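An overview of the molecular structure
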Amino acid sequence: MAWLVNRRTGMTHQKPRAFLRLLPAAAFVLLAALALSAAPPARAATTITVCPAGCDYDNVPDAVAAAADGDTIDIAAGNYVLLDVPPITIDKALTLRGAGVDVTTLRRDASNFGRVITVLAGAEVLVEDLTITGGRSVVEMETVTQACAMAGSTSSASAVGAVGDEPVPWAVTADSPVIPNPCGASAKTASSSLSIAISGWCGAYASVDNNVDHDTQGPATATSTSDVTLRGGGVFNAGVLTLRQVKVAGNSLSGTASAATTAGDDATSATATATAIVRLLGGGIYNEGSLTIERSTISGNTVLASGAASALAGTDGGSGVTARANPYAVVAGGIYNDGGLILRDSTVSGNSVTSSLSSTLATGGAPAVTETDAAATTIGAGGIVNDGSVTATNSTVSGNLFAASSASDDENAVYAAGGLFDGRYPATLNFTTVAANQLAISRFGEGAATGFTAGGVVTARPPDVPGRPPVPTSAVGPSVSPNPPGGNLYLFGSVVSGNDGGDCAYGPLVASVHSGYSLTGDGSCNVPQGDADL
């Protein structure tokens, strides 16, 4: 038995170490109840008001910053302008409620750049009864390299640039009329330069890597890469987002990527590689989370893309020449979906894409040209690009435009639709109309015309070509897994008709399944593989 001694009185008493074990069970229940009653009550969800004057806040960003999980922000009628500030960024469960789609507007100032709303991963957001407009971002990038190695020396130069709203961990690699050594008889030299102009609060990320070396023995090698990625002119979603009775209109993305490279050698070999990538993913909306659009309109959003790749390589007597010049464009005028998209009772109309790609290649001088590649590849849609899963019910995709020009003496590949482009993932149209969309494709040069195009719906995907990097469809570089094995276009009581350039086009491994109530205007939606009336 343990005893304690009181130093003041000298008296002893038993140590109460077993006291708690002697308490009856009811006492523990009482103590627990008292502890719970002492805890502060959970904060109830509140409503925060926003109006030009006399409310909790006069602007939406401050109201969002002050809100807690579960709160509602009531936005009165008015024109709420974002000027020289980042997008409205939401990282919590929140409701933004306007006074009506025609009276409450969230707008980026006309003199300003950047998107309007960003929903981060983990957030669950409802936006209703308002308009989102004026978001826009512009990026122009140019990379130039030159490497000239004379007898007994090496020259190498590289310039790699990437701009986007997150790191783009992909750097690629330039091809045609016979030319002499483009460096002539000059002394060995190597140079690289890179310029970037960014306009937009898109959380822009830029990486630059310039390297020059001309001190060791070997060939001449020059690499030039420009990579521009912009996502969501008006709205970016990585969480769970519902747009209800919302108009997303008049937003835009614009991107230019230019890559030029020159390699020459009078002793061994010359290799020139130029790659220009432009990914403008959703003039109106980019989604990589879960997006539901109800009783809403996505209209009048635009994308403008330009890509140019130029490579010159030649030797005066070396062992070989390699040249690659590959421009890519992945573009969506209205919506780019890389997650789950549900459209209900909504309209995607009047959105547009204008894309221009060019590839210039020149080789010569060596006994043999080892490799050339100058393919130009365009992927996209004026209305919706789906790289996830999409279900549209009682909705309309109409009056969207996809216009593209491609110039190459090697290959002009276009995979595009005026209305809906599906990258071989499931797409279901229930009682939905895809009509009066437009397609305008121009190909220049001697390059073969490849790909699949239609004004209405295209389900296809560019093949992975041996020796060429995978086609960079996603926002963070090429797919690391093989192309999807195939997809289906499901039509139930839907209309696909009256689209300029044809109603449907399907790539390999794609089947069309449609109900007897569906109307497909020119019959192109009824393909032999897997076609069935249900």
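Since we're looking at a predicted model, the values are computed, not measured.

Reading guide: rules and limits
- Residues numbered from 1 in each chain as written.
- Predicted model: local features only at pLDDT ≥ 70, side-chain atom pairs only at ≥ 80, totals over all residues.
- Heavy atoms only, no water.
- Helix = DSSP H or I, 4+ residues; strand = E, 2+ residues; numbered from the N terminus.
- Buried < 20%, exposed > 50% of the residue type's maximum accessible area, 1.4 Å probe, protein only.
- Areas by Shrake-Rupley, 256 points an atom, 1.4 Å probe, with all protein chains shown as cover.
- Phe/Tyr/Trp six-rings, centres within 6.5 Å; stacked < 30°, edge-to-face > 60°.
- Lys NZ or Arg CZ within 6 Å of the ring centre and 35° of its normal.
- Disulfide = S-S within 2.5 Å.
- Pairing = 2+ DSSP bridges.
- Axes fitted to C-alpha atoms, helices over the stretch in contact; angles between N-to-C directions.
- Core = buried A, V, L, I, M, F, W, Y, C linked by side-chain atoms within 4.5 Å.
- Contact = heavy atoms within 4.5 Å.
- Salt bridge = Lys/Arg side-chain N within 4 Å of Asp/Glu carboxyl O.
- Polar contact = N/O pair within 3.5 Å; in protein donor to acceptor, adjacent residues only side chain to side chain.
- pLDDT = per-residue confidence, 0-100.

Looking now at the overall build of the chain. Broken down by element type, the chain carries 3 helices and 47 strands. Expressed as a percentage of its 534 residues, the buried residues of the chain come to 52%. Surface exposure of the chain reaches about 20900 Å², of which carbon and sulfur atoms provide 56%.

Let's shift gears to the packing of aromatic side chains. Any two aromatic rings considered together are summarised by their centre-to-centre distance and by the angle between their planes. Scanning all chains against the criterion turns up 4 aromatic pairs. Relative to Tyr 286, the ring of Phe 236 has its centre 5.3 Å away and its plane inclined at 20°; by these criteria the two rings are stacked. Linking Phe 236 in strand 16 (residues 235-237) with Tyr 286 in strand 20 (residues 285-287), this pair joins segments that are 50 residues apart in sequence. Here Phe 236 and Tyr 286 have matching classes, each one buried. Their ring planes at 10° and their centres at 6.5 Å tell us that Tyr 490 and Phe 492 sit as a pair that is stacked. Cation over ring: Arg 136 sits above Phe 113, and NZ or CZ is 4.1 Å from the ring centre.

This next bit is on the state of the cysteines. Following the criterion strictly, the structure yields 2 disulfides and no others. Between Cys 51 and Cys 55 runs a disulfide, and the two sulfur atoms are separated by 2.0 Å. Handedness of the Cys 51-Cys 55 disulfide follows from its S-S torsion of about 110°: it is right-handed. A sulfur-sulfur separation of 2.0 Å characterises the disulfide bridge that pairs Cys 504 with Cys 525. Taking the sign of the S-S torsion, 75° for the link of Cys 504 and Cys 525, the bridge is right-handed. Of this pair, Cys 504 sits in strand 44 (residues 504-506) while Cys 525 sits in the loop between strand 46 (519-520) and strand 47 (532-533); the two residues are 21 residues apart in sequence, bridging distant segments of the chain. With a relative accessible area of 8%, Cys 504 lands in the buried category. Owing to a relative accessible area of 0%, Cys 525 belongs among the buried residues under this scheme.

Let us now look at the sheet that holds strand 44. With parallel pairing, the 9 strands of this open sheet are ordered in space as 6-9-16-20-25-31-36-41-44. Of all the strands in the sheet, just strand 6 (88-90) and strand 44 have a single pairing partner and so form its edges. Within the sheet, the average angular offset between the axes of one strand and its neighbour, ignoring direction, is 5°. Relative to strand 31 (residues 384-386), strand 25 (residues 335-337) runs parallel, the two being bridged by 3 bridges. Bridged to Asn 337 within strand 31 is Asn 386.

This paragraph deals with the nonpolar core. One recurring pattern in soluble globular proteins is that nonpolar side chains are buried together. With 52 residues, the main nonpolar core has Ile 73, Ile 75, Leu 96, Leu 106, Leu 243, Ile 285 and Ile 293 as its most contacted residues. Non-local contacts of Ile 75, meaning those with residues more than four positions away in its chain, are made with Val 50, Val 60, Tyr 80, Leu 96, Arg 97, Gly 98, Ala 99, Thr 104, Leu 106 and Leu 130. In this structure, Val 228, Ala 309, Ala 311 and Ala 416 belong to the second largest nonpolar core, which totals 33 residues.

Further remarks concern the pattern of salt bridges. Applying the stated rule across the entire model yields 7 salt bridges. A salt bridge links Arg 97 to Asp 74; the nearest nitrogen and oxygen atoms lie 3.6 Å apart. On the criterion of sequence distance, the pair formed by Arg 97 in strand 7 (residues 94-97) and Asp 74 in strand 4 (residues 71-75) is long-range, its members being 23 residues apart. Judged by its relative accessible area of 28%, Asp 74 falls in the partly exposed class. Here Asp 227 ties to Arg 279 by a salt bridge, and the two come within 2.8 Å at their closest N and O atoms. With Asp 227 in strand 15 (residues 220-231) and Arg 279 in strand 19 (residues 269-281), this residue pair connects regions lying 52 residues apart in the sequence.

So, about the environment of Ala 376. By the element assignment, Ala 376 lies in strand 30 (residues 376-381). Residues Ala 376 and Gly 307, spaced 69 residues apart in sequence, show a C-alpha to C-alpha distance of 9.2 Å. For Ala 376, the residues in contact, after removing those within four places along its chain, are Pro 327, Leu 357, Ser 406, Ser 408, Glu 411, Asn 412 and Ala 413.

The next subject is the side chain of Thr 273. As for its position among the elements, Thr 273 is in strand 19. With relative accessibility at 2%, the residue Thr 273 sits in the buried group. Within the local environment of Thr 273, its side chain forms a polar contact with the side chain of Arg 324, the two groups lying 3.1 Å apart.

Taken over all residues, the pLDDT of the chain has a mean of 79, while the share at 70 or more is 70%. Considering only residues more than four positions removed or in separate chains, one finds that residues 200-206, a stretch of pLDDT under 50, has 28 contacts.

Our focus in this paragraph is unusual backbone geometry. With a phi close to 60°, Asp 129 is a non-glycine residue in the positive phi region. On the basis of relative accessibility, which here comes to 17%, the residue Asp 129 falls in the buried class. A positive phi angle, near 50°, is found at Asp 345, a position not held by glycine. Here Asp 345 shows up in the loop between strand 26 (340-344) and strand 27 (347-349). The exposure class assigned to Asp 345 is partly exposed, which follows from its relative accessible area of 42%.

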